[in-house]
Amino acid sequence: MVKKVKSSVTYAKMRGIVSYFTALIKEKKFVSNDLMQKFGSSHPIYRHLDSDGFLRPDDGLPVEGGATALCFSNPAIQESSRVSAADFDYLKVIGTGSFGKVLLARHRETDEYYAVKVIQKHTILKRKEEGHIMCERRVLLRTLNHPFLVRLHFSFQTRDRLYLVLDYASGGELFYHLQREGSFVESRARFYAAEMASALGYLHSLNIVYRDLKPENVLLDSAGHVLLTDFGLCKEGVVGDATIRTFCGTPEYLAPEVLQQREYDRTVDWWGLGAVLHEMLYGLPAFFSPDRAEMFKNIMSQPLVLRPGVSAAARDLLKRLLHKDRTKRLGAKHDLAELKCHSFFSSIQWEELVAKRILPPFIPSLSGPTDLANFDPEFTQLPVPPSLGMCEGTGMTFPGFSYMSENVDTASSHAKGH
Ligand code: ADE
């Protein structure tokens, strides 16, 4: 089982579980007592989550897995009877994962486009049985607000499925473009790396560790800006056997301390950024070997070998980000601030970047909102299950799951026409 340092909360989990745990806010309002005991109520995570009274520990209730739960009040998130699976037309599959599918969907009334992640309940329930860590990490998060993070607009459920309605990133996965082009010129890689770094620094400022940075999780919006997505309700690789299998399967972007199941902290994300930057510049993951076991070994113990062909600044940054000792990794002391000072990023004006005032180096060509040229036909050719829009009752498995974001109109207009 992977051990984490106590301040580590993965972004993927928090984003993914936020809707799920709305169930625990609405009527029962839980947080794991274990978590509370481990972190203490003054832990930064609670400060973040409760920055303006969003979460208020209340009375205790038992939850599955033997953990005692505390109650939270959350006036901001409300059960929505107005949004349901039947309100959308499900147009195409644009992604798949172990959790289920991501579909391009159009809201029937507003004509707005969203990416809807559809998750089979039984998958979640199975994982819940497997991993008590999930139960221990029942934490809630208000919608994160950063230009380079995918936002959640609504969630609802049917008897068998959970639906997460997200910003639609019509530029598709960065990975798809990278695969097609082989590698990116340095200025393009720098732009994406800077936007990713900015999003990661924001998460870190909230004491959230993203942990799963890899090209598949990096999307592009219609203008060509980065949007990090969670890509998975609950990542494999945290609990039990699945941890080891998953890590053996895709070690490319995982820091040595994660692979070795040692404690890790936010610096895993700077390793992940280094891994993605390496792939953008060289077209292959760092420490690559076609033999997985070999690659695993390389990550843990082989020195980083960087071929010529990229600038000295880029190579220096890669060496510093892909430092095996996390305490010596760039970002270990002052996080994003250290990266900002690196010569590779000297041309980046960070405030302009976050304001999206830097023209992206590549603007996805789109003939219209339903143009799926930026998505892998491997996904888009998959059939759309006709039952997706059917509301056959919610069942009681995830009571209170459904909600709308606080400011639906504002949030929705963000996605319109993309
Ligand atoms: N694939 C996974 N999430 C996505 C999203 N939000 N937009 C487009 N494609 C995605």
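Every value quoted in this text rests on a predicted model; they were computed, and no experiment measured them. (Residues numbered from 1 in each chain as written. Predicted model: local features only at pLDDT ≥ 70, side-chain atom pairs only at ≥ 80, totals over all residues. Heavy atoms only, no water.)

**Quick notes on the nonpolar core**
- Of all hydrophobic cores here, the largest spans 62 residues; its most connected members are Y192, M196, L228, L273 and M280.
- Setting aside chain neighbours within four positions, we find L273 in contact with A193, M196, A197, L200, L213, L321 and L339.
- In this structure, I119, L152, L164 and L372 belong to the second largest nonpolar core, which totals 19 residues. (Core = buried A, V, L, I, M, F, W, Y, C linked by side-chain atoms within 4.5 Å. Buried < 20%, exposed > 50% of the residue type's maximum accessible area, 1.4 Å probe, protein only. Contact = heavy atoms within 4.5 Å.)

**A few points about the packing of aromatic side chains**
- Taken as a whole and judged by the stated rule, the model has 13 aromatic pairs.
- When the centroid spacing of 5.7 Å and the interplanar angle of 25° are considered together, the rings of F88 and F156 count as stacked. Remark: F156 occurs in strand 7 (residues 152-157) and F88 occurs in strand 4 (residues 88-97); sequence separation between them is 68 residues. You'll find F88 and F156 in the same group, each marked buried.
- Here F191 and Y192 contribute two aromatic rings whose centre-to-centre distance is 5.8 Å and whose plane-to-plane angle is 65°, an arrangement assigned as edge-to-face.
- Clustering of aromatic rings is evident, with ring pairs tying together F88, Y90, Y114, F154, F156 and Y163.
- In this structure, R188 packs its charged tip against the face of F184, placed 4.0 Å from the ring centre.
- Stacked on the ring of F344, the Lys or Arg R190 has its end atom at 4.8 Å from the ring centre. (Phe/Tyr/Trp six-rings, centres within 6.5 Å; stacked < 30°, edge-to-face > 60°. Helix = DSSP H or I, 4+ residues; strand = E, 2+ residues; numbered from the N terminus. Lys NZ or Arg CZ within 6 Å of the ring centre and 35° of its normal.)

**Looking at the packing of helix 8 (residues 186-205) against helix 11 (residues 267-282)**
- For the pair helix 8 and helix 11, interaxial distance at closest approach is 10 Å and the crossing angle is 165°. Here helix 8 is positioned roughly antiparallel relative to helix 11, judged by the angle of their axes. Between helix 8 and helix 11 lies a crossing of right-handed hand. Along its contact with helix 8, which presents E186, A189, Y192, A193, M196, A197, L200, G201 and H204, the element helix 11 presents D269, W270, L273, V276, L277, M280 and L281.
- Residues that form the contact of helix 8 with helix 11 fall into these classes: 12 nonpolar, two polar and two charged. (Axes fitted to C-alpha atoms, helices over the stretch in contact; angles between N-to-C directions. Parallel < 35°, antiparallel > 145°, perpendicular 65-115°, else oblique. Left-handed = near helix turned anticlockwise from the far one by under 90°. Nonpolar A, V, L, I, M, F, W, Y, C, P; charged D, E, K, R; others polar.)

**A word on the side chain of D269**
- With respect to the element layout, D269 can be found in helix 11.
- One buried charged residue, D269, forms no salt bridge at all, with the nearest opposite charge on R211 at 7.6 Å.
- Beyond its immediate stretch of four places on either side in the chain, D269 contacts L200, H204, V209, Y210, R211 and L213. (Lys, Arg positive; Asp, Glu negative; His and termini not counted. Salt bridge = Lys/Arg side-chain N within 4 Å of Asp/Glu carboxyl O.)

**Examining the site of the ligand**
- Neighbouring residues of the ligand: 10 residues in total, closest A115, D167, A169, L219 and F375.
- Between a nitrogen atom of the ligand and a main-chain N or O atom of D167, the distance comes to 2.8 Å.
- Here a nitrogen atom of the ligand and a backbone polar atom of A169 are 3.0 Å apart.
- For the ligand, whose accessible area on its own is 260 Å², the fraction buried by protein is 100%.
- Using a 2 Å cut-off from the grid points, one finds that the ligand occupies the largest cavity.
- Counted by class, the shell around the ligand contains eight nonpolar, one polar and one charged residues. (Near = heavy atom within 4 Å. Polar contact = N/O pair within 3.5 Å; in protein donor to acceptor, adjacent residues only side chain to side chain. Areas by Shrake-Rupley, 256 points an atom, 1.4 Å probe, with all protein chains shown as cover. 1 Å grid on protein atoms, 1.4 Å probe; cavity = no way out; pocket = protein on both sides within 12 Å on 5 of 7 lines; lining within 4 Å. Sits in = over half its atoms within 2 Å of the grid points.)

**Observations regarding empty space enclosed by the protein**
- One pass over the structure, following the stated rule, counts five cavities of 30 Å³ or more.
- What the largest cavity holds in volume is close to 160 Å³.
- Along its surface, the largest cavity is lined by 15 residues, and I94, V102, A115, L219 and T229 are the ones closest to its centre.
- Of all the elements in the fold, those that place two or more residues in the lining of the largest cavity are strand 4 and strand 6 (113-120). (Points joined across faces, edges and corners; volume = space filled by probe spheres on them.)

**Observations concerning the environment of A169**
- Among the structural elements, A169 can be located in the loop between strand 8 (161-166) and strand 9 (172-173).
- Note on A169: relative accessible area 4%, which makes it buried.
- In contact with A169, not counting residues within four places along its chain, are L219, L220, D221, L227 and F375.

**Examining the UniProt feature "binding site: ATP" (unreviewed entry) in the protein**
- UniProt's feature table lists "binding site: ATP" (unreviewed entry) at K126, given in the numbering used throughout.
- By the secondary structure assignment, K126 is in helix 5 (residues 121-130).
- For K126, a relative accessible area of 53% translates into the label exposed. (UniProt positions renumbered as here; feature names shortened; annotations may be inferred.)

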